[in-house]
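# Tertiary structure, described
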Amino acid sequence: GSSTKPAAPADGGGCPVMKKKPEEQADSVCPVKYKNPNVYNVYGQKLDPSNMMPAAAQQMPSPGQKEALPTNRVVSGIAKGGTESTWVYPSEQMFYNSLKKKGKGADVKEENVQMMVAIHNNMNERTWRDL
């Protein structure tokens, strides 16, 4: 036998397939099996399922980093599909960390990151407007 438990919808309202509330389910078994809601990336970081980004943003300085970078983030004007909110751009520290993690930051100087982030954000906003 399998040790997998039947699923319950996120709202706790019973079986999502049979459309039965918990009190109506009694002896019937929901055909949907429980799936672990935790998703991780290749670095072992837990991801936020709403955007598949790390749940806890990496705001600590990278190893070998010489200067502290700002950790504040800017709210974009780009709508986040299916919600009333908009995307939030990465901080300078997050941007720098991302470059380093991807092996693309060997020649990046901390004092240049502010301009890189500004160009990144501006390009995204302009592209979105053109769509």
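Let us look at the structure shown here. No experiment lies behind these values; they were computed from the predicted model shown.

## What about helix 2 (residues 92–101)?
Extensive coverage of helix 2 is indicated by the burial of seven of its 10 residues. Looking at the packing, one finds that the buried side of helix 2 touches helix 3 (113–130).

## Description of the sheet that holds strand 1 (residues 39–40)
Spatial ordering of the open sheet is given by 1-2-3, a layout of three strands whose pairing is antiparallel. Each end of this open sheet is capped by a strand with a single partner; those strands are strand 1 and strand 3 (53–54). Relative to strand 2 (residues 46–48), strand 1 runs antiparallel, the two sharing two bridges. Bridge assignment links Val39 to a residue of strand 2, and that residue is Leu47.

## With respect to helix 3
Note: α-helices contain 3.6 residues per turn, so residues at a spacing of three or four share the same orientation. Counted at 1.5 Å a residue, the expected span for helix 3 with its 18 residues is 26 Å, and the 26 Å between its end C-alpha atoms agrees. Within helix 3, the full set of buried residues consists of Val113, Val117 and Asn121. The arc that holds every buried residue of helix 3, seen down its axis, measures 65°, which confines them to one face. What points out from helix 3, more than 90 degrees from its buried face, is the exposed set Met115, Ile119, Arg126, Arg129 and Asp130. In this structure, the buried residues of helix 3 make contact with helix 2.

## A word on the nonpolar core
Counting residues in hydrophobic clusters, the biggest one holds seven residues: Leu69, Phe95, Tyr96, Leu99, Val108, Val113 and Val117. Secondary-structure elements contributing two or more residues to this core are helix 2 and helix 3. With three residues, the single largest contributor to this core is helix 2. Contact partners of Leu69, with chain neighbours within four places excluded, come to Glu92, Gln93, Tyr96, Glu110 and Val113.

Quick notes on the rules
- Residues numbered from 1 in each chain as written.
- Predicted model: local features only at pLDDT ≥ 70, side-chain atom pairs only at ≥ 80, totals over all residues.
- Heavy atoms only, no water.
- Buried < 20%, exposed > 50% of the residue type's maximum accessible area, 1.4 Å probe, protein only.
- Helix = DSSP H or I, 4+ residues; strand = E, 2+ residues; numbered from the N terminus.
- Contact = heavy atoms within 4.5 Å.
- Pairing = 2+ DSSP bridges.
- Expected span 1.5 Å × (residues − 1).
- Arc of directions from axis to C-beta.
- Core = buried A, V, L, I, M, F, W, Y, C linked by side-chain atoms within 4.5 Å.

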